[in-house]
Amino acid sequence: MKLKLRMKQLLVAAVAFTTTGAFAQNVSIKNGESFKVGGFEFVEDVLAVHSDGSATVLLKAGFLGTKFRVLNLNSELTADSKFEIEIPKVDNKKVNYFTAGQYGKNVFFMSTLKDRKSKTYSMYASELDPKTGKFLKHHNPVSLNYDKMIFGRPFEVSRSVDSTKILFVSKYPTGRKDMAKYKLTVVNNDMSEVWSKDIEFSEETRHFDYNGALVDKEGNVHLLATSKMDKDEQKEEGKSGIFADKWKTEMYSYYHKDGKLVHYDFEKSLSDKVVMNIHLTMNDQDQVLAAGFYSDRTFWGQGYSGFYTFRVDAASKEIVSSSIVPFNEELKAELIGERRAQKGKDIPKYEVRKLYPLENGKMAVVTEEYTYTRTESTDANGNTTVSETWLYGNVLVMYLDEKGQMTSYGVLKKRQYCTAKNGEASLMQKLGIGATPGVNELPYYGIATMNVDGNIYVIFNDNPKNPARLEDGKKPKSVRQRTAITELVSFTEDGKMMRNTLFKAKDNSEGYKMPIMPRQSVQYSDHDMIIFGRKKKNLRVLGLNISNS
């Protein structure tokens, strides 16, 4: 059953979406009144969401994006107050913004400062009072001493799934033939140090790529990387051709209590396959979960043949399960069409957007088809034209059991496609009547995802003709903000999928001059999410609450 809601400003709508034989969904929508921000103000991050439903947002401002402001939204999600942040200084030197967020009960504005004289690169965490925009205390959790020039920022910050630990990963500048070296630092939410250690890997820097890390609730660090195979490994895995993918995906875990660095070369179990797009997360049993795609081809850049999962138990330090699961013919036919599936074609590139650990060691994997292309052409007069395309396509949601086997899946068919010439949209595209949508539509593409009691929800903007087109077996059309609808799609563990229209995405008569921007969203509790929308100086905030009954 499809329900359409006409939203009023500041209206909270509580609606039960039901369908025969499925669960009931109670969906409450809080559409905050649109308000204006400065021409060079942009939402950088959601700093905090408070118990009464109000929120604090960090704005990046100024022509160069070097100014920062705190915007407080009231419980109706409209603008309440705004404060300029005075950027901290260290030894009369202004620091450079890095990231910000809520860690435990505290909100931190994090920044960096490079001192060339002392050859020290430092990370600072400044405790911020979101109600006033004033700093309460400054911390220096990490300082990196270096003897070679550092280009770019060497720091990365992440927090544990249970939000009790913070991890700082710092990359030392090393020569191409030097061993890759990183500094790992784990702190509590008050920035007190748990441990810090320099880790040198047994791979040369030129053959080692860091791909991300996470910290578990015990303070152990799990780091994902790719490294180049030696000639014997290439020969053993059938990847010795000139165009073969010669890089392998692996994980390192540092268990700080016994000082042990464990190497998990899980790609060995994949033989001649190529692993791509692996993502990590933790579950409540302190297990590292990973999922990604693989190709049967030995050449990098091909489509996908199936998916791969593995699970590491932090207590035993062992891989407790791994799986290689080819896509079945039914799923391939749904994703690429029956004729292409019968010819043995791979599915196109999908990105893992989110891994959700579930009860009893299970997990849900949310993936989205994504393709970006860029070409350059030069005419006889030497004028260069840059052409770009973006496709945010189908969404594939997979439910996996504790052994990594797929128990059910759901496919949301959509097409969000736009183009640009020299980074701009044409006049016709801006008017919404071009042959293809322009890059001005791009901010409203993509998905927001929620996990509510093990059910996965996807929110996105769609062409209003697509539900009927899909029922008739036709391909979906791309979306345009002028006519878009905002859709909510639910996926359940037993393989059911339900789609509902929430509201007209852009409704001038109701004061909403822009659709929501799904990629700019935060699920801040088990049942609640806020999503932003932005067009020029106009800003809107949407609150979404979902409960199952």
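Note that this is a predicted model, so its numbers are computed, not measured.

About the thresholds
- Residues numbered from 1 in each chain as written.
- Predicted model: local features only at pLDDT ≥ 70, side-chain atom pairs only at ≥ 80, totals over all residues.
- Heavy atoms only, no water.
- Helix = DSSP H or I, 4+ residues; strand = E, 2+ residues; numbered from the N terminus.
- Contact = heavy atoms within 4.5 Å.
- Areas by Shrake-Rupley, 256 points an atom, 1.4 Å probe, with all protein chains shown as cover.
- Pairing = 2+ DSSP bridges.
- Axes fitted to C-alpha atoms, helices over the stretch in contact; angles between N-to-C directions.
- Buried < 20%, exposed > 50% of the residue type's maximum accessible area, 1.4 Å probe, protein only.
- Salt bridge = Lys/Arg side-chain N within 4 Å of Asp/Glu carboxyl O.
- Core = buried A, V, L, I, M, F, W, Y, C linked by side-chain atoms within 4.5 Å.
- Patch = residues over 30% accessible without salt bridge, like charges linked within 9 Å, V, L, I, M, F, W, Y side chains within 5 Å.
- Lys, Arg positive; Asp, Glu negative; His and termini not counted.
- Charge placed at Lys NZ, Arg CZ, Asp CG, Glu CD.

**Q** Before we go on, may I ask you to explain the overall build of the protein in this structure?
**A** Secondary structure summary: the protein contains 5 helices and 37 strands in total. Across the protein, the fraction of contacts at a sequence separation of at least 24, relative to all contacts at a separation of at least 6, is 53%. For the protein, the accessible surface area stands at approximately 25300 Å², while carbon and sulfur atoms represent 47% of it.

**Q** Looking at this structure, how should I read the sheet that holds strand β17 (residues 193-204)?
**A** Here we have 4 strands laid out as an open sheet, ordered β14-β15-β16-β17, and antiparallel in their pairing. Of all strands in the sheet, those bounded by a partner on one side alone are β14 (155-159) and β17. Neighbouring strand axes in the sheet, compared pairwise and without regard to direction, differ in orientation by 20 degrees on average. The pairing of strand β16 (residues 179-188) with β17 spans 8 bridges and is antiparallel. What sits directly across from Lys-183, in β17, is Asp-198.

**Q** Honestly, the pairing of strand β36 (residues 528-535) in this entry has me stumped. Any pointers?
**A** In summary, the side chains of a regular strand alternate between the two faces of the sheet. Counting buried residues in β36 gives 7 out of 8 residues, a clear majority hidden from the surface. As judged from the 4 bridges shared by strand β35 (residues 517-523) and β36, these two strands associate in the antiparallel manner. Bridge assignment links Ser-521 to a residue of β36, and that residue is Ile-531. Taken together, β35 and the strand that follows it, β36, pair antiparallel across an intervening segment of 4 residues. Relative to strand β37 (residues 538-548), β36 runs antiparallel, the two sharing 8 bridges. The residue bridging Gly-533 from the neighbouring strand is Arg-540, located in β37. Here β36 hands over to β37 after 2 residues, with Lys-536 in that stretch at a positive phi of 55 degrees.

**Q** Mind showing me how you'd approach the pattern of salt bridges here?
**A** As a working rule, side chains carrying opposite charge can pair if their charged atoms are close by. Here the structure, examined in full by the defined rule, presents 15 salt bridges. With its nearest N and O atoms 3.3 Å apart, the salt bridge here joins Asp-258 to Lys-317. Taken together, the residues span a long stretch of sequence, with Asp-258 in the loop between β20 (247-255) and β21 (260-264) and Lys-317 in the loop between β24 (306-313) and β25 (318-326) at a distance of 59 residues. On the accessibility criterion, Asp-258 (43% relative accessible area) is partly exposed.

**Q** Which parts of the structure should I look at to understand the nonpolar core?
**A** The tendency in soluble globular proteins is for nonpolar side chains to be buried side by side. Phe-307, Phe-327, Leu-331, Leu-335, Leu-396 and Met-398 are the most contacted members of the largest nonpolar core, which totals 25 residues. When contributions to this core are tallied by element, the ones reaching two or more residues are β22 (274-282), β23 (287-295), α2 (329-336), β26 (350-357), β27 (363-378), β28 (384-400) and β29 (406-412). Discounting chain neighbours no more than four positions away, the residues touching Phe-327 are Phe-293, Tyr-304, Ser-305, Gly-306, Phe-307, Lys-332, Ile-347, Leu-396 and Met-398.

**Q** Please clarify how the environment of Gly-393 should be interpreted in this entry.
**A** Structurally, Gly-393 is set in strand β28. C-alpha separation for the pair Gly-393 and Pro-348, spaced 45 residues apart in sequence, amounts to 9.9 Å. For Gly-393, the residues in contact, after removing those within four places along its chain, are Glu-368, Glu-369 and Lys-414.

**Q** Any chance you could explain the sheet that holds strand β34 (residues 497-504) here in plain terms?
**A** Sheet strands pair by backbone hydrogen bonding; their relative direction is either parallel or antiparallel. Taking strand neighbours across the sheet as the criterion, the 4 strands line up as β31-β32-β33-β34 in an open arrangement whose pairing is antiparallel. Each having just a single partner strand, β31 (448-452) and β34 make up the two edges of the open sheet. Shown here is a sheet whose adjacent strand axes are inclined to one another by a mean of 20 degrees, direction ignored. Looking at chain direction, β31 and strand β32 (residues 455-462) are connected through 5 bridges and run antiparallel. Bridge assignment links Ala-448 to a residue of β32, and that residue is Ile-459.

**Q** Would you explain unusual backbone geometry in this entry?
**A** Generally, phi is negative for residues other than glycine and the peptide bonds are trans, each holding for most cases. Located in the positive-phi region is Lys-317, a residue other than glycine, with phi close to 65 degrees. Of note, Lys-536 is a non-glycine position whose phi angle comes to about 55 degrees, a positive value. Here Lys-536 shows up in the loop between β36 and β37.

**Q** Please explain a positive patch on the surface as it appears in this structure.
**A** A cluster of basic residues, Arg-339, Arg-340, Lys-343, Lys-345, Arg-415 and Lys-475, forms a positive patch on the protein surface. Looking at the element boundaries, Arg-340 is found in helix α3 (residues 338-342).

**Q** Would you mind showing me how to read the pairing of β37 here?
**A** Among the 11 residues that make up β37, 8 are buried, leaving the element largely enclosed by the rest of the structure. Looking at chain direction, strand β2 (residues 25-31) and β37 are connected through 7 bridges and run antiparallel. Each residue of the ladder has a partner; that of Asn-26, found in β37, is Ser-547. When strand β3 (residues 35-36) meets β37, the two strands line up antiparallel, connected through 2 bridges. Pairing of Lys-36 across the sheet is with Asn-538, part of β37.

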